[in-house]
Amino acid sequence: MDWGTELWDQCDIIDKHTQSGLDLVEKYVKFVKERTEIEQNYAKQLRNLTKKYSPKRGSKEELECRFSNHQAFLDILNEMNDYAGQRELIAENMMINICIELTKYLQELKQERKTHLSEAKKAQQSLEGTYKQLDNSKKRFEREWREAEKAAQYAEKTDQDLNATKADVEKAKQQAHMRTHIAEECKNDYALQLQKYNKEQNQFYFTDMPLIFSRLQDMDERRIKKLAQGYILFADTERQVMPIIGKCLEGISRAGTNVNEKNDSVVLIEQHKSGFERPGDVEFEDYSQGINRASSDSSLGTPKGPLELLGKNRNKTFRLFNKKSKSVDTEGFTHLPPEQRRKRLQQKIDDISKELQKEMDQSEALGKMKDVYEKNPQMGDPASLAPQITQTAQNMERLRGELNKYESWLAEAGGRGDSIRYSTHSLNNNGAHNPNSDLQKRRTIEASRPTRGQHYVHPGAISDDTDSSQAIYTEFDDDFEEEEVAAPIGQCTALYNFPGSSEGTISMQEGEVLSVVEEDKGDGWTRVRRNNGDEGYIPTSYATITLNK
């Protein structure tokens, strides 16, 4: 058996197998890359789809989201947007954990394979070089030995020749002896080369090549194991997001379950309820009686229909299930039906009240800042705040005027103003903020709320001799529900004694535990209540406060 041929046949098989394994890794990487592209495109299409059907801000569709079926569709779009995010996460994890990782590992395997094959080729070349040296020494030994035999035969022939001289015989013997000596040296060299080749051949077949094959085997096994891990990661990447995808699908199902057709009908009715009085019955006019036509010409016309019975609204076109012309939104909302007008006026009053509160907070902050500047001139010039204080005061006056105007319209429309009556800030002569105004402001707000049996009457609805800057309340006989006591939102423990001598405050002793009814709004006061029901404000810094979760 030709062991060299058999060995290199085995090497060729191993080489093709390792190359096939590397090609498989490369194919798998390409497969995962195409899968990530599909996931990315799918996620992109989902996001475009949700964006396409999502209502634009301020559009008619956004206003219709108060209906449960519209809100459910919006919830579905949000869930699909989250679902698209999970598909993007799948693509990102596959790209990072599989594609990039395996591509890097593939390059390392190619370099390692190249190194092992290079070592095998180098060992082969070294063995072939030693064999050539052995073959050359063998051929030289063979050649020199033949020459030595010829020289010995010639010396013997010369010695037997009677005509040969003694000098010729001696010369022939010396030549034969020299050739024999050279042949012996070649023989020894051949023996050494043969020994060297056999040793190197044993090293090649029993040590070098088995070690290289073992390394190639280890490399291939590591490749197979890494590829198997990539297969598992492919499934794990999907499995990791399955709970969240399941929640998205549950959210879609929940959106469908939350649709309430009855409630949508009620919302629609409340939204578009006009408040008009229904027309009464048309009276019968008997013309068979002797009615004086001269005095009853006005009653001989067409009997009064629903349009005449609408009173002051009879000039408005009566449309039922027809598209009405686009109306102009006037400042007082007089173009709207009574119920809708009251709702819009109340909403406007609430918006102005919030804006007024912001201006009051800004005025309060400017006052405090002015106090700081006056006490510490190095921090700033108090006069620099004067334009802002003036502008804020003007804004507050403008907003108070608008608030009074809309409350007057609401009173005319038959509604009650539920907005909080704000008191002006207490400022000293220099425009600085009065520290006592924080608590005073809160007491004013609390005191301005209508009590049981009272409702708010706008100043314009009373006589001129009444102070219009005060909120006027009149008694009426409607029954009100008793005002519920606010539930505590936490507890506090007094750190110091507090006398509570000012109006609206409550005294406390060090270590006393009180219930927190209203937390600090930024003015340094917290509203608390005792077990006996007494309520009042305490300084926030005088107690440790723990709010309920």
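What counts, and where the lines are drawn
- Residues numbered from 1 in each chain as written.
- Predicted model: local features only at pLDDT ≥ 70, side-chain atom pairs only at ≥ 80, totals over all residues.
- Heavy atoms only, no water.
- Helix = DSSP H or I, 4+ residues; strand = E, 2+ residues; numbered from the N terminus.
- Buried < 20%, exposed > 50% of the residue type's maximum accessible area, 1.4 Å probe, protein only.
- Contact = heavy atoms within 4.5 Å.
- Areas by Shrake-Rupley, 256 points an atom, 1.4 Å probe, with all protein chains shown as cover.
- Core = buried A, V, L, I, M, F, W, Y, C linked by side-chain atoms within 4.5 Å.
- Pairing = 2+ DSSP bridges.
- Axes fitted to C-alpha atoms, helices over the stretch in contact; angles between N-to-C directions.
- Parallel < 35°, antiparallel > 145°, perpendicular 65-115°, else oblique.
- Nonpolar A, V, L, I, M, F, W, Y, C, P; charged D, E, K, R; others polar.
- Salt bridge = Lys/Arg side-chain N within 4 Å of Asp/Glu carboxyl O.
- Expected span 1.5 Å × (residues − 1).
- Phe/Tyr/Trp six-rings, centres within 6.5 Å; stacked < 30°, edge-to-face > 60°.
- Bend = angle between axes of the 7 residues up to and from the residue.
- Polar contact = N/O pair within 3.5 Å; in protein donor to acceptor, adjacent residues only side chain to side chain.

Peer 1: So what's going on with the overall build of the chain? Residues and values would help.
Peer 2: Of regular secondary structure, the chain possesses 8 helices and 7 strands. Expressed as a percentage of its 549 residues, the buried residues of the chain come to 30%. Excluding contacts between residues fewer than 6 apart, the proportion of contacts in the chain whose partners are at least 24 apart in sequence is 69%. When the accessible surface of the chain is totalled, it reaches about 37,300 Å², and 50% of it is carbon and sulfur.

Peer 1: Report on the nonpolar core, specifying residues and quantitative values.
Peer 2: Counting 37 residues, the largest nonpolar core has Y28, V32, M94, I98, F204, M209 and F234 as its most contacted members. Mapped by element, the contributors of at least two residues to this core are α1 (3–53), α3 (68–160) and α4 (166–257). At 15 residues, α3 tops the list of elements feeding residues into this core.

Peer 1: So, the sheet that holds strand β7 (residues 543–547): which residues are in play, and what are the values?
Peer 2: Across the sheet, 5 strands lie side by side as β6-β5-β4-β3-β7; this open sheet has antiparallel pairing. The sheet terminates laterally at β6 (535–539) and β7, the two strands that pair on one side only. When strand polarity is set aside, the average angle formed by the axes of neighbouring strands in this sheet is 40°. Bridge count between strand β4 (residues 513–518) and strand β5 (residues 525–529): 3 bridges; the pairing is antiparallel. Note that in β5 the partner of V516 across the bridge is V528.

Peer 1: Provide a residue-level description of the packing of α3 against α4, including the pertinent values.
Peer 2: Packing of α3 against α4 brings their axes to within 6 Å, and their N-to-C directions diverge by 170°. Looking at the two axes, α3 sits roughly antiparallel to α4. Residues belonging to the contact of α3 with α4 are distributed by class as follows: 47 nonpolar, 18 polar and 28 charged.

Peer 1: Hey, could you go over the pattern of salt bridges for me, with residue numbers and the actual values?
Peer 2: This model, assessed by the stated rule, comprises 24 salt bridges. Here R215 ties to E119 by a salt bridge, and the two come within 3.2 Å at their closest N and O atoms. Of this pair, R215 sits in helix α4 while E119 sits in helix α3, and the two are 96 residues apart along the sequence. A relative accessible area of 31% places E119 in the partly exposed class. Its salt-bridge partner being R398, residue E402 comes within 3.5 Å of it at the nearest N-O pair. Of the two residues, E402 and R398 both sit in helix α7 (residues 386–412), 4 residues apart, roughly one turn of that helix.

Peer 1: I'd like a rundown of the pairing of β6, residues and numbers included.
Peer 2: With 4 of 5 residues buried, β6 lies mostly within the body of the structure. Looking at chain direction, β5 and β6 are connected through 5 bridges and run antiparallel. Directly across from R529, in β6, lies its bridge partner E535. Counting the residues between successive antiparallel strands, the hairpin from β5 to β6 contains 5 residues, one of them, G533, with a positive phi of roughly 100°.

Peer 1: Describe α7, and please don't skip the residues or the numbers.
Peer 2: Taking 1.5 Å of rise per residue, 27 residues should cover 39 Å, and α7 covers 39 Å from first to last C-alpha, within 8% of that figure. For α7, the full list of buried residues reads I389, T392, N395, M396, L399, R400, L403, Y406, E407, W409 and L410. In the segment just after α7, G414 is the residue with positive phi, at about 95°.

Peer 1: If you had to explain the packing of aromatic side chains to someone new, which residues and values would you point to?
Peer 2: All chains considered together, the criterion is met by 12 aromatic pairs. Ring plane angle 55° and centroid distance 5.3 Å describe the contact between Y131 and Y197, whose orientation is recorded as tilted. Note that Y131 is positioned in helix α3 and Y197 in helix α4, a separation of 66 residues in sequence. Owing to a relative accessible area of 12%, Y197 belongs among the buried residues under this scheme. Measuring from centroid to centroid gives 5.0 Å for F204 and Y205, while their planes differ by 90°, and the two rings are edge-to-face.

Peer 1: Requested: an account of α4, with residues and values cited.
Peer 2: Along its 92 residues, α4 runs 133 Å from first to last C-alpha, staying within 8% of the 136 Å computed at 1.5 Å per residue. Along α4, the largest kink reaches about 40° and is centred on M242; proline P243 follows within four residues of it.

Peer 1: I'd love a proper account of the environment of K51, names of residues and values included.
Peer 2: Locating K51 in the fold gives a position in helix α1. Separated by 27 residues in sequence, K51 and N78 have C-alpha atoms that sit 9.7 Å apart.

Peer 1: So what about the environment of N404? Which residues, and what values?
Peer 2: Residue position: N404 is located in helix α7. Judged by its relative accessible area of 27%, N404 is partly exposed. Considering only alpha carbons, one finds N404 and I349, 55 residues apart in sequence, at a separation of 8.9 Å.

Peer 1: Let's hear about the side chain of T505: which residues, and what values?
Peer 2: You can see T505 is positioned in the loop between β3 (490–494) and β4. Judged by relative accessible area, which is 12%, T505 ranks as buried. Within the structure, T505 has its side chain in polar contact with the backbone oxygen of G500 (distance 3.2 Å).

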